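Secondary and tertiary structure notes
The primary structure of each chain is shown beneath.
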Amino acid sequence: MASKVTVIGTGNFGSTVAFILAMRGSCHEVVLHGRNINVAKGKALDMSQAANAAREHTIVRAAEGPEDMAGSQIVVITAGAPRTPGMSRDDLLTMNAQIVKKYALEIKEHAPGSIVIVVSNPLDVMAYVVHKYTGFPRERILGMAGILDSARMAHFIYEKLGYGAGQIRATIMGGHGDTMVPLPKFTTVAGVPISDLLDSEEIGEVVKKTRDGGAQIVNLLGDGSAYYAPAKSTAVMVDAILKDTNQIHSCAVMLQGEYGYNDIVSGVPVMIGANGVQKVIEMTLNDLQKTRFKKSVASVQEMVDSLCKTDFFNDCEGDENA
Ligand SMILES: NC(=O)c1ccc[n+]([C@@H]2O[C@H](COP(=O)([O-])OP(=O)(O)OC[C@H]3O[C@@H](n4cnc5c(N)ncnc54)[C@H](O)[C@@H]3O)[C@@H](O)[C@H]2O)c1
């Protein structure tokens, strides 16, 4: 069967995801769906030609309208305003919730069988909005953040060590924000626990740098936020679905009793395959890790509650998870 991935949003993140998929020949067709059709057309042509240069078979097309996402196995939502210096991910809440809602409704109508990968920020709440407005089962909605945050933590461990690049497996749970929960106890370099390689002060510095990793890049760029590592992390999820790898990655999913939470999205280890979320993995956490995870879930809940107070969800028809 021909594989088709629609990427909504043709900004830095969306076009980089599409480009990575085209360069890897991950699927037969990538559709770029953005509010500026000429930009989508120009980028689609450029990427299709790049795929030819790379001897890959992927065709990139621009959507004339939302109906062109029909038949997509995966839809990636990247549309949304990015952070500007001094702005937190949470400041984006109301603005991006409206944008994501609009696209969730389009997906529900035109690509009702698709798996949705959400990346717009604030990530966990945007994934929640997609749940509420598509009504899709939780297996078919994943938020991308954990792979990125883990990659950032791995990089900062490498910076401290000066070796081990590509061999560092860092683990992060919780929301994609200031309350993310890096888990040094589950972090290794070629199987060696980082506690055998770094002292607790150094590990603390790595954790802090990881939490501030997105803001560091925002401040350096001065305009916009990171997109190379985020786009690659998203492409990893697309590949895991299309190739049915059943690999475990940290992703934001709707919790249904796991870790003691219900009807809230947070980052947890997830087995990803052809059906999207194949399984949510429950790790054994110690008391400190549980407390931090609780705080992280609470911060996502606060944002959901503040959207509820604006009657944001009043016109939503409910979802299969309710
Ligand atoms: N989950 C993560 O780990 C992660 C990492 C980086 C960025 N992000 C988020 O991804 C999103 C996109 O980032 P980017 O770097 O591509 O930003 P960008 O500014 O380069 O692109 C934004 C895209 O959204 C579209 N858009 C903006 N407002 C819109 C509206 N009102 N209606 C329809 N489309 C609209 C723009 O046309 C553009 O295509 C942001 O929300 C950013 O915060 C998430």
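Being a predicted model, the structure only gives us computed values, none of them experimental.

1. Observations concerning the pairing of strand 13 (residues 262–273)
Burial runs high along strand 13: ten of the twelve residues are buried. Sheet topology note: the strand 12 (residues 247–256)/strand 13 ladder contains ten bridges and is antiparallel. The partner of isoleucine 248 across the bridge, within strand 13, is methionine 271. Examined bridge by bridge, strand 13 and strand 14 (residues 276–280) share four bridges and lie antiparallel to one another. Within strand 14, the position partnered with isoleucine 272 by the bridge is valine 277. Counting the residues that bridge the hairpin from strand 13 to strand 14 gives two residues.

2. Let's talk about empty space enclosed by the protein
Summed over all chains, the structure comprises one cavity of 30 Å³ or more. Volume-wise, the largest cavity comes out at about 50 Å³. Lining the largest cavity, in full, are Ala145, Gly146, Asp149, Ile172, Met173, Gly174, Gly175, Ser250, Cys251, Ala252 and Gly267. Those elements giving two or more residues to the lining of the largest cavity turn out to be helix 5 (146–161), strand 8 (172–173) and strand 12.

3. Focus on the packing of aromatic side chains
All chains considered together, the criterion is met by seven aromatic pairs. Judged by centre distance (5.8 Å) and plane angle (75°), the rings of tyrosine 133 and phenylalanine 312 are edge-to-face. You can see tyrosine 133 sitting in helix 4 (residues 123–134) and its partner phenylalanine 312 sitting in the segment after helix 9 (287–309), a full 179 residues away along the chain. Like tyrosine 133, the residue phenylalanine 312 is buried in the burial classification. Residues tyrosine 261 and phenylalanine 293 carry aromatic rings whose centres are separated by 5.7 Å and whose planes lie at 75° to one another, so their mutual orientation is edge-to-face. Residue tyrosine 261 is located in the loop between strand 12 and strand 13, and its partner phenylalanine 293 is located in helix 9; the two are separated by 32 residues in the primary sequence. Residues tyrosine 261 and phenylalanine 293 agree in their burial class; the two are buried. Cluster of aromatic residues (ring-pair linked, three or more members): Tyr128, Tyr133, Phe312 and Phe313. Against the face of phenylalanine 312 rests lysine 101, its NZ or CZ located 5.3 Å from the ring centre. Cation over ring: arginine 140 sits above phenylalanine 136, and NZ or CZ is 4.3 Å from the ring centre.

4. Regarding the packing of helix 1 (residues 12–24) against helix 2 (residues 37–53)
Where helix 1 contacts helix 2, the axes come no closer than 9 Å and their chain directions differ by 25°. By the angle between their directions, the pair helix 1 and helix 2 is classed as roughly parallel. In terms of crossing hand, the pair formed by helix 1 and helix 2 is right-handed. Across from Ser15, Ala18, Phe19, Ala22 and Met23 in helix 1, the residues of helix 2 making contact are Lys43, Met47, Ala50 and Ala51. Taken together, the residues of the contact of helix 1 with helix 2 sort by class into seven nonpolar, one polar and one charged.

5. Brief notes about the site of the ligand
In the neighbourhood of the ligand, 25 residues make up the surrounding shell, with Thr10, Asn12, Phe13, Val119 and Met144 lying closest. Compared with its free state, where it exposes 860 Å², the ligand has 85% of that area covered by protein. Taken atom by atom, the bulk of the ligand overlaps the largest pocket. Looking at the shell around the ligand, the elements with two or more residues in it are helix 1 and helix 3 (93–110). When residues of the shell around the ligand are assigned to their parent elements, the largest contribution, three residues, is made by helix 3.

6. Here's the deal with the environment of aspartate 223
In this structure, aspartate 223 sits in the loop between helix 7 (213–221) and helix 8 (228–242). Judged by its relative accessible area of 65%, aspartate 223 falls in the exposed class. Aspartate 223 sits 28 residues away from serine 195 along the chain, and the two C-alpha atoms are 37 Å apart.

7. What about the pattern of salt bridges?
Tallied over the entire structure, the rule returns eleven salt bridges. Each of the salt bridges in this network shares a partner with another, and the network as a whole consists of Arg138, Glu139 and Glu258.

8. What to know about the sheet that holds strand 11 (residues 192–193)
With antiparallel pairing, the three strands of this open sheet are ordered in space as 7-10-11. Single-partner strands in this sheet number two, and they are strand 7 (168–169) and strand 11. Bridge count between strand 10 (residues 188–189) and strand 11: two bridges; the pairing is antiparallel. Pairing of threonine 188 across the sheet is with proline 193, part of strand 11.

9. Some thoughts on helix 4
Counted at 1.5 Å a residue, the expected span for helix 4 with its twelve residues is 16 Å, and the 16 Å between its end C-alpha atoms agrees. Burial within helix 4 is extensive, with twelve of its twelve residues counted as buried. Buried within helix 4 are the following residues: Leu123, Asp124, Val125, Met126, Ala127, Tyr128, Val129, Val130, His131, Lys132, Tyr133 and Thr134. Two residues or fewer past helix 4, glycine 135 is found with a positive phi of approximately 75°.

Criteria and cut-off values
- Residues numbered from 1 in each chain as written.
- Predicted model: local features only at pLDDT ≥ 70, side-chain atom pairs only at ≥ 80, totals over all residues.
- Heavy atoms only, no water.
- Buried < 20%, exposed > 50% of the residue type's maximum accessible area, 1.4 Å probe, protein only.
- Helix = DSSP H or I, 4+ residues; strand = E, 2+ residues; numbered from the N terminus.
- Pairing = 2+ DSSP bridges.
- 1 Å grid on protein atoms, 1.4 Å probe; cavity = no way out; pocket = protein on both sides within 12 Å on 5 of 7 lines; lining within 4 Å.
- Points joined across faces, edges and corners; volume = space filled by probe spheres on them.
- Phe/Tyr/Trp six-rings, centres within 6.5 Å; stacked < 30°, edge-to-face > 60°.
- Lys NZ or Arg CZ within 6 Å of the ring centre and 35° of its normal.
- Axes fitted to C-alpha atoms, helices over the stretch in contact; angles between N-to-C directions.
- Parallel < 35°, antiparallel > 145°, perpendicular 65-115°, else oblique.
- Left-handed = near helix turned anticlockwise from the far one by under 90°.
- Contact = heavy atoms within 4.5 Å.
- Nonpolar A, V, L, I, M, F, W, Y, C, P; charged D, E, K, R; others polar.
- Near = heavy atom within 4 Å.
- Areas by Shrake-Rupley, 256 points an atom, 1.4 Å probe, with all protein chains shown as cover.
- Sits in = over half its atoms within 2 Å of the grid points.
- Salt bridge = Lys/Arg side-chain N within 4 Å of Asp/Glu carboxyl O.
- Expected span 1.5 Å × (residues − 1).

Don't take any of this as a statement about function, it's just geometry.
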